[in-house]
Amino acid sequence: MSQYESVQPLNHSAPNVPQPNKDYEYWRNRILFSTMIGYIFFYFVRKSITMAMPGIEEELGITKPMLGFYLTAHGVLYGVARFVNGMWSDRVNPRYFMSAGLFLAALTNIGFGFSSLSWIMGTFWIINGWVQGMGFPPCAKSLCHWFAPEERGIKFATWNISHSMGAGLLFIMNSFVVALGWRYCFFVPAALAVSGSIFLLWALRDTPESMGFEPVEDYYDRKNGRPTLAERSQANACLAGNVSNAVPKTDEESFWDILVEHVFSNWAVWVLCFANFFVYIVRFSILDWAPTFLTEKGIDIKHAGWATAGYELFGALGIILSGILMDKLFKGRGAKVCLLYMLGCSIVSFFFWYADSSSLMVNASFLCGLGFFIYGPQCLIGCVAATLATKKAGASSSGLTGLFGYLATIVTGLGVGSLVNATGEWNAIFIMLFICSFAAMLLFGLILNATPPEILEKERREKEENQQSV
């Protein structure tokens, strides 16, 4: 008996209805939700500095430009680490890679919390940026290997809720913890992250093939009552009288060849990289500076934390809708969803600047609107990039877009801190948000019809089969 025969169990009562494999489905769900939980913990020890910045500035006298430098150095190194670790992650077991990264990130938070010297704090936060880059790549690899291209929009969207849940829960938690002192904004999340690293070590596994399952594309086709690509190739070859070509050739490409062909030579991936740069300027300008901006408007730090949490929680709603639109309405072509979302983001950012209000409710409402529209593209860019590059280089491709995204911290960290410190007001920041939203929208317009290779291949074969049947 083949090791894959159990993937399609017999159903004597309804022989024509395909039945999913319960073990395969269990592990698919376990991988999805375990990586989500793990990434929530990563956020606990990544954005812990945000609520602490007003206290650090007041107690230690560290200026906004220096705090902005922490954010920029952290973000740039994180972006580089996401790309480098993405290439590494495509070839290693995410179970060990992700759990080790989370544990190291917790240690850097503990070191930062105990520090008072600016250069020591900066060193710990820069190291944190690198080990944070061990979080997303193994998640991207896992999602690409455990879910087929036709379902990745919803699955990536579901997974991406971890961004909003992690940051939102952190802001709520630290809005209470900060009352004990800004250092506890690092100690408490670090303790939780250590427990999270142990959880990941228990929960995660490598690819389906490493556990004796068939590749997910074949499983997805069988589950939905369709022949696999290999079976279609074999049938077409037999019909053409060329049985020798019925069995697909073994892929002997080196990993570097795969990167060159599917990532570095893929113009759509590069467009996504530049679009991600502008998306992340909007995202991080709000995420990193909203508590500081709101407190300077006269809003209590605790209320500022809840308002920023609303930005994240409404972002989760935007993420879910974006995944549904990508899979169900646009058939895997996520750039179309991103364009619509960035149009909405442009409108909200313009009126946020135009309103210039000191009301908590008004500011919180605009923050929620920006969160809803910015997190859809933030989610789908990594998904689209990973899918366009095929699962063999999914983590590398999404890591490259992540590198460009986190280069945006040059603008959102040191740039925003220095500009606000020099001018004493935030108008220029809101104008920047509008311009970046509009620029990202134009870039998405260039790749509206970019389609994953697996989906193109299936569409081509289905078209050939339909022509033969006619």
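What counts, and at which threshold
Residues numbered from 1 in each chain as written. Predicted model: local features only at pLDDT ≥ 70, side-chain atom pairs only at ≥ 80, totals over all residues. Heavy atoms only, no water. 1 Å grid on protein atoms, 1.4 Å probe; cavity = no way out; pocket = protein on both sides within 12 Å on 5 of 7 lines; lining within 4 Å. Points joined across faces, edges and corners; volume = space filled by probe spheres on them. Helix = DSSP H or I, 4+ residues; strand = E, 2+ residues; numbered from the N terminus. Expected span 1.5 Å × (residues − 1). Buried < 20%, exposed > 50% of the residue type's maximum accessible area, 1.4 Å probe, protein only. Contact = heavy atoms within 4.5 Å. Salt bridge = Lys/Arg side-chain N within 4 Å of Asp/Glu carboxyl O. Patch = residues over 30% accessible without salt bridge, like charges linked within 9 Å, V, L, I, M, F, W, Y side chains within 5 Å. Areas by Shrake-Rupley, 256 points an atom, 1.4 Å probe, with all protein chains shown as cover. Core = buried A, V, L, I, M, F, W, Y, C linked by side-chain atoms within 4.5 Å. Axes fitted to C-alpha atoms, helices over the stretch in contact; angles between N-to-C directions. Parallel < 35°, antiparallel > 145°, perpendicular 65-115°, else oblique. Left-handed = near helix turned anticlockwise from the far one by under 90°. Nonpolar A, V, L, I, M, F, W, Y, C, P; charged D, E, K, R; others polar. pLDDT = per-residue confidence, 0-100. Phe/Tyr/Trp six-rings, centres within 6.5 Å; stacked < 30°, edge-to-face > 60°.

1. Brief notes about empty space enclosed by the protein
Here is step 1 of the chain: For the coordinates displayed, the defined rule picks out 3 cavities of 30 Å³ or more.
Here is step 2 of the chain: One number sums up the size of the largest cavity: a volume of about 90 Å³.
Here is step 3 of the chain: Taken together, Ser285, Ile286, Trp289, Ala290, Phe293, Phe352, Leu367, Trp426, Ile429, Phe430 and Leu433 form the lining of the largest cavity.
Here is step 4 of the chain: Tallying contributions element by element places helix H12 (residues 267–296) first for the lining of the largest cavity, with 5 residues.

2. A short note on helix H1 (residues 22–44)
Here is step 1 of the chain: If you check H1, its first and last C-alpha atoms are 33 Å apart, about what 23 residues at 1.5 Å a residue would give, namely 33 Å.
Here is step 2 of the chain: Counted residue by residue, H1 has 17 buried out of 23 residues, so it is predominantly covered.

3. Describing the side chain of Ser397
Here is step 1 of the chain: Topologically, Ser397 is positioned in helix H16 (residues 394–407).
Here is step 2 of the chain: Taking the relative accessible area as the measure of exposure, Ser397 reaches 0% and is therefore buried.
Here is step 3 of the chain: Each residue touching Ser397, except ones within four places of it in the same chain, is listed here: Val263, Val269, Ala385, Ala386 and Ala389.

4. Side note on the pattern of salt bridges
Pairs can form between side chains of opposite charge whenever their charged atoms are close.
Here is step 1 of the chain: Per the counting criterion, the structure on display carries 7 salt bridges.
Here is step 2 of the chain: A salt bridge links Glu217 to Arg152; its shortest N-O distance comes to 3.7 Å. Pair noted here: Glu217 is in helix H9 (residues 216–223) and Arg152 is in helix H7 (residues 152–177), with a separation of 65 residues, a long-range link.
Here is step 3 of the chain: Overall, the relative accessible area of 13% leaves Glu217 in the buried class.
Here is step 4 of the chain: Where salt bridges share partners, they join Glu25, Arg28, Glu151 and Lys223 into one cluster.

5. Here we look at a nonpolar patch on the surface
Here is step 1 of the chain: Nonpolar side chains collect at one region of the surface, where Leu343, Ile347, Phe350, Phe351, Tyr354, Ile431, Phe434, Ile435, Phe438 and Leu442 lie side by side and expose about 960 Å² of accessible area between them.
Here is step 2 of the chain: Of all the elements in the fold, those that place two or more residues in the nonpolar patch are helix H14 (334–355) and helix H18 (427–445).
Here is step 3 of the chain: Tracing the sequence through the fold places Leu442 in helix H18.

6. So, the nonpolar core
In summary, soluble globular proteins display a tendency toward joint burial of nonpolar side chains.
Here is step 1 of the chain: Formed by 122 residues in total, the largest nonpolar core has its most connected members in Tyr39, Phe112 and Phe444.
Here is step 2 of the chain: Residue contributions to this core peak at 15 residues, all from H12.
Here is step 3 of the chain: Those residues in contact with Phe444 that sit more than four places away from it in its chain are Leu272, Ala275, Val279, Ala335, Cys338, Leu339, Met342, Pro377 and Ile381.
Here is step 4 of the chain: Grouped together as the second largest cluster of nonpolar side chains are 13 residues, Phe83, Met87, Ile258 and Cys273 included.

7. What about the packing of H12 against helix H15 (residues 360–388)?
Here is step 1 of the chain: Look at H12 against H15: their axes get within 9 Å of each other, and the N-to-C directions meet at 150°. In terms of orientation, H12 lies roughly antiparallel with respect to H15. Seen from above, H12 lies across H15 with left-handed handedness.
Here is step 2 of the chain: Of the residues in the contact of H12 with H15, the class split is 20 nonpolar, 3 polar and 1 charged.

8. Re the packing of H16 against helix H17 (residues 409–423)
Here is step 1 of the chain: Their axes nearest at 5 Å, the elements H16 and H17 cross at an angle of 20°. Between H16 and H17, the angle falls in the class roughly parallel. Here Gly405, Tyr406 and Leu407 of H16 come into contact with H17, specifically with Thr409, Ile410 and Val411.
Here is step 2 of the chain: Among the residues making up the contact of H16 with H17, the classes are represented as 4 nonpolar, 2 polar and no charged.

9. Some words on the environment of Ala81
Here is step 1 of the chain: Positionally, Ala81 belongs in helix H3 (residues 64–89).
Here is step 2 of the chain: Not counting the four nearest positions on each side in its chain, Ala81 is found in contact with Gly86, Gly129, Trp130 and Gly133.

10. Topic: the confidence of the model for the protein chain
Here is step 1 of the chain: With 86% of its residues at a pLDDT of 70 or more, the protein chain has an overall mean of 82.
Here is step 2 of the chain: Contacts for the low-pLDDT stretch residues 1–15, under 50 throughout, to residues beyond four places or in other chains number 18 contacts.
Here is step 3 of the chain: The model gives residues 242–252 a pLDDT under 50, and that stretch makes 9 contacts with residues more than four places away or in other chains.

11. Some thoughts on the packing of aromatic side chains
Here is step 1 of the chain: Summed over the entire model, instances satisfying the criterion amount to 39 aromatic pairs.
Here is step 2 of the chain: When the centroid spacing of 4.1 Å and the interplanar angle of 80° are considered together, the rings of Tyr78 and Tyr406 count as edge-to-face. Of this pair, Tyr78 sits in helix H3 while Tyr406 sits in helix H16, and the two are 328 residues apart along the sequence. Each member of the pair Tyr78 and Tyr406 is classed as buried.
Here is step 3 of the chain: For the pair Tyr311 and Tyr375, a centre-to-centre distance of 5.7 Å together with 65° between the ring planes defines the contact as edge-to-face. Remark: Tyr375 occurs in helix H15 and Tyr311 occurs in helix H13 (residues 301–329); sequence separation between them is 64 residues. Comparing Tyr311 with Tyr375 shows no difference in burial state: the two are buried.
Here is step 4 of the chain: Here a set of aromatic residues connected by ring pairs shows up, and it is made of Phe350, Phe351, Trp353, Tyr354, Phe434 and Phe438.

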